[in-house]
Amino acid sequence: MLARVADALAEAKINIYAISTSDTVDHSVIRLVVSDYRKALHVFEEHGTLVVEDDVLMVDGSNKPGELAHIAHQLAEAKVNIEYCYSATPASAKGGLMIMRVPPDESPEVLNS
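Let us look at the structure shown here. (Residues numbered from 1 in each chain as written. Predicted model: local features only at pLDDT ≥ 70, side-chain atom pairs only at ≥ 80, totals over all residues. Heavy atoms only, no water.)

**As for the packing of aromatic side chains**
This structure, assessed with the given rule, holds one aromatic pair. Ring centres of Y84 and Y86 lie 6.3 Å apart, and the angle between their planes is 15°; on these two criteria the pair is classed as stacked. On the basis of relative accessible area, Y86 is assigned to the buried category, the value being 13%. The ring centre of Y84 lies 3.7 Å from the NZ or CZ of R31, which sits over that ring. (Phe/Tyr/Trp six-rings, centres within 6.5 Å; stacked < 30°, edge-to-face > 60°. Buried < 20%, exposed > 50% of the residue type's maximum accessible area, 1.4 Å probe, protein only. Lys NZ or Arg CZ within 6 Å of the ring centre and 35° of its normal.)

Following this line, the structure appears as structure tokens:
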């Protein structure tokens, strides 16, 4: 299934910035951050795939010890709950992306400081 999803996005010239998969008893969930989400929604609808759209934070941070703690403390102090997050960064990279889902009514403005 992942190969078919990746093929469909590649054919539509949509880049995947971040991806996470999880498996449950009766279905799998693939979370994607892509270069053109509207186009991706259309691609998935054409293939009859159930899609749920959510806003997420994409935080461009440093790849150093304590960076996640710093981000999480900023959100905690602003009383913003992290519902889920995922990231992957090569050890040699100077920076990396953290994808976080927070409740839609909680402002992420705190990360600008």
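**Re the sheet that holds strand β4 (residues 84-87)**
Strand pairing within a sheet occurs via backbone hydrogen bonds; the two strands may be parallel or antiparallel. Read from one edge to the other, the open sheet built from three strands follows the order β3-β5-β4, with strand pairing classed as antiparallel. Single-partner strands in this sheet number two, and they are β3 (57-62) and β4. Adjacent strand axes in the sheet meet at a mean angle of 25°, parallel and antiparallel pairs treated alike. As defined by bridge partners, β4 adjoins strand β5 (residues 95-101) across four bridges and the pair is classed as antiparallel. What sits directly across from C85, in β5, is M100. Lying on the sheet, helix α3 (residues 67-77) is in contact with β3 and β5; it crosses β5 at an angle near 35°. (Pairing = 2+ DSSP bridges. Helix = DSSP H or I, 4+ residues; strand = E, 2+ residues; numbered from the N terminus. Axes fitted to C-alpha atoms, helices over the stretch in contact; angles between N-to-C directions. Contact = heavy atoms within 4.5 Å.)

**Points about α3**
Since the α-helix turns once every 3.6 residues, residues separated by three or four places project in the same direction. Within the span of α3, buried status applies to E67, I71, Q74 and L75. Down the axis, α3 shows its buried residues gathered within 95° of arc, on one side only. Facing away from the buried surface of α3 by more than 90 degrees, the exposed residues are H73 and E77. (Arc of directions from axis to C-beta.)

**Some thoughts on the pattern of salt bridges**
Going through the model one piece at a time under the given rule, you end up with two salt bridges. For the salt bridge of R101 with D54, the shortest nitrogen-to-oxygen distance reads 3.2 Å. Taken together, the residues R101 in strand β5 and D54 in the loop between α2 (37-46) and β3 connect sequence positions 47 residues apart. Here E83 ties to R101 by a salt bridge, and the two come within 3.7 Å at their closest N and O atoms. Residue E83 is found in the loop between α3 and β4, and its partner R101 is found in strand β5; the two are separated by 18 residues along the sequence. On the accessibility criterion, R101 (11% relative accessible area) is buried. If you follow the salt bridges from partner to partner, you end up with D54, E83 and R101 in one network. (Salt bridge = Lys/Arg side-chain N within 4 Å of Asp/Glu carboxyl O.)

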